[in-house]
Amino acid sequence: MKNEQLTKQVYQTIKGLYDYGVHEVVISPGSRSTPLAMACEVHPQMTTYIHPDERSAAFFALGLIKATKKPVAVICTSGTAASNYMPAVSEAYISRMPLVVMTSDRPHELRNVGAPQAINQVRMFTNFVNYEVDFPVADDFQSSHDFVDAVLLQASRYFSGPESGPVHFNMPFREPLIPDLSATEYLKVEPKSQVTYQKMVNIEPLRQFIKRGRGMIVVGDCQNEDLSQLLLFAAIHHLPVFADPLSHLRHQDSPYILSTGDTLFKVYQNVEPGYIIRVGKPVVSKAMNRFLAAVSAPQILVQNSLKPDTFPVVPDMHLEMTANDCFRQLAEESPVLSPGWFEFFAHLNAVVTNVIQQHVHTVNDEGTIFARLAGQLAADEVLFLGNSMPIRDCDTFFVGGLAKPYCNRGANGIDGVVSTAMGMAVHKKVTLVIGDISFFHDMNGLIMKKLEGLDIRIIVMNNNGGGIFSYLPQKKEELLFERLYGTPLDLDFEHTAKLYGFNYQRYETYDNIQLPKDGAHIIEILTNRQDNVIAHQELTEKVKDAVHAELSFNYAAE
């Protein structure tokens, strides 16, 4: 028996999502989600992916969002299946990614009575979504269909713009669960106009700061914004632009882009700008964040978000706008040039770059391996990074790379790194660099290689444990460290490759490592945690000596 009212409600919901720009959905199989899953499958244009692990499925969806810059939906059955979405939902919330979470549920009369596969799903993500609603069970009243239209209109404002972020639809269904699969007239595609934002922001106070001269621009992750006006402003005003790897600026052909901020500010922070413009999300570099937190110069945050990221210090001003909108308004501002200001930083950047390049050619550790491998990637490729050492090594060593780095830097966790990279691999050529612990943590995500035939190169830096902890004070507690933090897994990832159908290579020496051109590959590189720590410390000392020698050679900021 077909449920006519359920058919209308569910088809209306899926149609509306597609019309508002949700063109991909990741489905985790289950019974209670049958109406939603079938509606997506019979939709004439919706692209569906089947992923049996809800935690990995949601991160796979985040990868699709990163690759397409469009909202993506996830669908699961009732009960703990929905709970597995939490890590990805929290990542999406902090990263402002439009993830549409659709959790199927038992009808209201089966809640809190001991019915199987039923937990309280109402407002279960309330701390990590921009919008949430508990749907009514489909019935014969027209008001329920008006409700769907209202919900979709309200939710769509979070699919793009300064309020972008995840939304949650909790959808209870009564049996029978199978919709009328022939009723495709309800799924007619009628694209809706997307919500646009045109907010007038007063940038006059910023003009006053610019008159101080000696400015500095620090750029973090800008959600793939066009930054051409920023670069033009920097060129006119002769300002140093310290570019985080996730800014995607380091491959730009501009002398004002400086790529060694993290390494430089580890050894030298004795500088006082007239003002600092921070663009986008906070940078990865701990050293640069320490500098920003300590300096007395006024700071202006340019970030297209209603909820500004104030870390590492609350800015003196927040401009809720895109970088291009901001710097375009400043295009005719008369530059206040400070002789030698930009040249000072450009010269130190060149000194540090030279030290790093010499280090890469003479030292073998995870960081220098990373630099050699990254140099093999083309400009149209994606370099996806694990959240422990890979993103930090990218910040240090990716000073001349062409590929665009990506990372899950919302919650900064190790959840779902493999799955997010796999999601991006649907639309892009992706190379993932990841540590052994993070790789193990999301091995379920590899199943999409088999289910979707995805090609991806995965480089596993296997130092048999949590290498990043070796840089922390806990390392001094030798009796406790290895069990609590080092956590050696002693895994042979060749078996993982065979299980999921990947090609496999292992390297125990670091000379002449070549990335395969195409296909699905797991490349395991065996490294040593202690050697990595020593090599990083040696690089810092080399940079410190070179910078201080240069400064003592009578080269100082005006």
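To start, this report covers the structure provided alongside it. (Residues numbered from 1 in each chain as written. Predicted model: local features only at pLDDT ≥ 70, side-chain atom pairs only at ≥ 80, totals over all residues. Heavy atoms only, no water.)

Some points on the overall build of the chain
When helices and strands are tallied, the chain shows 20 helices and 18 strands. Taken over C-alpha atoms, the radius of gyration comes to 25 Å for the chain, in line with the 24 Å a tight globule of 558 residues would show. Projected onto the principal axes, the alpha-carbon positions of the chain cover approximately 85 × 60 × 45 Å. Here the contacts in the chain between residues at least 6 apart in sequence split such that 74% fall between residues at least 24 apart. When the accessible surface of the chain is summed, it comes to about 23200 Å², and 51% of that surface belongs to carbon and sulfur atoms. (Helix = DSSP H or I, 4+ residues; strand = E, 2+ residues; numbered from the N terminus. Rg over C-alpha atoms; globule rule 2.2 N^0.38 Å. Contact = heavy atoms within 4.5 Å. Areas by Shrake-Rupley, 256 points an atom, 1.4 Å probe, with all protein chains shown as cover.)

Describing the sheet that holds strand β7 (residues 215-219)
With parallel pairing, 6 strands are arranged side by side in an open sheet as β9-β8-β7-β10-β11-β12. Unpaired on one side and paired on the other, β9 (257-258) and β12 (317-319) mark the two borders of the sheet. By the bridge criterion, 4 bridges tie strand β10 (residues 275-279) to strand β11 (residues 299-302) in an arrangement that is parallel. The partner of Ile276 across the bridge, within β11, is Gln299. Contacts from helix α8 (residues 228-237) reach β7, β8 (241-243), β9 and β10, with the element oriented near 155° to β7. (Pairing = 2+ DSSP bridges. Axes fitted to C-alpha atoms, helices over the stretch in contact; angles between N-to-C directions.)

Quick notes on the packing of aromatic side chains
Taken as a whole and assessed by the stated rule, the structure comprises 14 aromatic pairs. Both rings, one in Phe242 and one in Phe345, keep their centres 5.6 Å apart while their planes meet at 90°; by these two values the pair is edge-to-face. Residue Phe242 is located in strand β8, and its partner Phe345 is located in helix α12 (residues 341-362); the two are separated by 103 residues in the primary sequence. Look at Phe345 and you get buried, because its relative accessible area is 1%. Seen in terms of ring centroids, Phe344 and Phe345 are 5.2 Å apart; in terms of plane orientation they differ by 70°. Their pairing is edge-to-face. Per residue, the accessibility class of Phe344 equals that of Phe345, and both read buried. (Phe/Tyr/Trp six-rings, centres within 6.5 Å; stacked < 30°, edge-to-face > 60°. Buried < 20%, exposed > 50% of the residue type's maximum accessible area, 1.4 Å probe, protein only.)

Considerations on the packing of α12 against helix α20 (residues 529-552)
Running from amino to carboxyl end, α12 crosses α20 at an angle of 145°, the nearest separation of the two axes being 10 Å. You can see that α12 and α20 cross each other, and the crossing is right-handed. For the pair α12 and α20, the contacting residues are Phe344, His347, Leu348, Val351, Val352, Val355, Ile356, His359 and Thr362 in the first and Ala535, Leu539, Lys542, Val543, Ala546, Val547, Glu550 and Leu551 in the second. Here the contact of α12 with α20 is composed, by residue class, of 12 nonpolar, 3 polar and 2 charged. (Left-handed = near helix turned anticlockwise from the far one by under 90°. Nonpolar A, V, L, I, M, F, W, Y, C, P; charged D, E, K, R; others polar.)

Re the environment of Ala535
With respect to the helices and strands, the residue Ala535 is situated in helix α20. Judged by relative accessible area, Ala535 falls into the buried class, the value being 5%. Residues Ala535 and Asn364, 171 residues apart in the sequence, show an inter-C-alpha distance of 8.2 Å.

A few points about the sheet that holds strand β15 (residues 430-435)
Taken in spatial order, the 6 strands line up as β14-β13-β15-β16-β18-β17 in an open sheet, and their pairing is parallel. This sheet does not close on itself; its edge strands, each paired only once, are β14 (404-406) and β17 (503-507). Geometrically, the sheet is characterised by an average inter-axis angle of 20° between neighbouring strands, direction not taken into account. Relative to strand β18 (residues 521-526), strand β16 (residues 457-462) runs parallel, the two being bridged by 6 bridges.

Quick word on the pattern of salt bridges
Tallied over the full model, the rule gives 21 salt bridges. Among the salt bridges present, the one from Lys281 reaches Asp309, with a minimum N-O distance of 2.9 Å. Here Lys281, found in the loop between β10 and α10 (286-294), pairs with Asp309, found in the loop between β11 and β12; they are 28 residues apart in sequence, far enough to count as distant. Both residues of the pair, Lys281 and Asp309, count as buried. In this structure, Asp492 engages Arg506 in a salt bridge whose closest nitrogen and oxygen atoms are separated by 2.6 Å. Of the two residues, Asp492 sits in the loop between α18 (478-486) and α19 (494-500) while Arg506 sits in strand β17, which places them 14 residues apart along the sequence. (Salt bridge = Lys/Arg side-chain N within 4 Å of Asp/Glu carboxyl O.)

As for the packing of helix α1 (residues 4-19) against helix α2 (residues 34-42)
Two elements in contact, α1 and α2, have axes whose closest approach is 9 Å; the angle formed by their N-to-C orientations is 55°. The angle between α1 and α2 falls in the class oblique. By crossing handedness, the relation of α1 to α2 is classed as right-handed. From α1, Leu6, Val10, Tyr11 and Ile14 reach across to α2, where they touch Pro35, Leu36, Ala39, Cys40 and Val42. Split into classes, the residues belonging to the contact of α1 with α2 amount to 9 nonpolar, no polar and no charged. (Parallel < 35°, antiparallel > 145°, perpendicular 65-115°, else oblique.)

A word on the environment of Glu225
Inspection of the secondary structure assignment puts Glu225 in the loop between β7 and α8. As for Glu225 and Phe342, which are separated by 117 residues in sequence, their C-alpha atoms are 24 Å apart. Those residues within four positions of Glu225 in sequence are excluded, and the remaining contacts are Asn304, Thr322 and Ala323. A polar contact is formed between the side chain of Glu225 and the backbone nitrogen of Ala323, at a distance of 3.0 Å. (Polar contact = N/O pair within 3.5 Å; in protein donor to acceptor, adjacent residues only side chain to side chain.)

Thoughts on the pairing of strand β1 (residues 24-27)
The alternating pattern of β1 places Glu24 and Val26 on one face and Val25 and Ile27 on the opposite face, and all of these are buried. Sheet topology note: the β1/strand β2 (residues 47-50) ladder contains 4 bridges and is parallel. Each residue of the ladder has a partner; that of Glu24, found in β2, is Thr47. Here 3 bridges tie β1 to strand β3 (residues 72-76), and the two strands are oriented parallel to one another. Each bridged residue has a counterpart across the sheet, and for Val26 the counterpart in β3 is Val74.

Brief notes about the side chain of Asp19
By the element assignment, Asp19 lies in helix α1. Among the polar contacts made by the side chain of Asp19, one reaches the side chain of Lys15 at a distance of 2.8 Å.

Some points on the pairing of β15
Buried residues dominate β15, accounting for 6 of its 6 residues. Residues Val430, Leu432 and Ile434 line one face of β15 and the alternating positions Thr431, Val433 and Gly435 line the opposite face, and both faces are buried. Pairing between strand β13 (residues 382-385) and β15: 4 bridges, direction parallel. Bridge pairing in β15 links Phe384 to Leu432.

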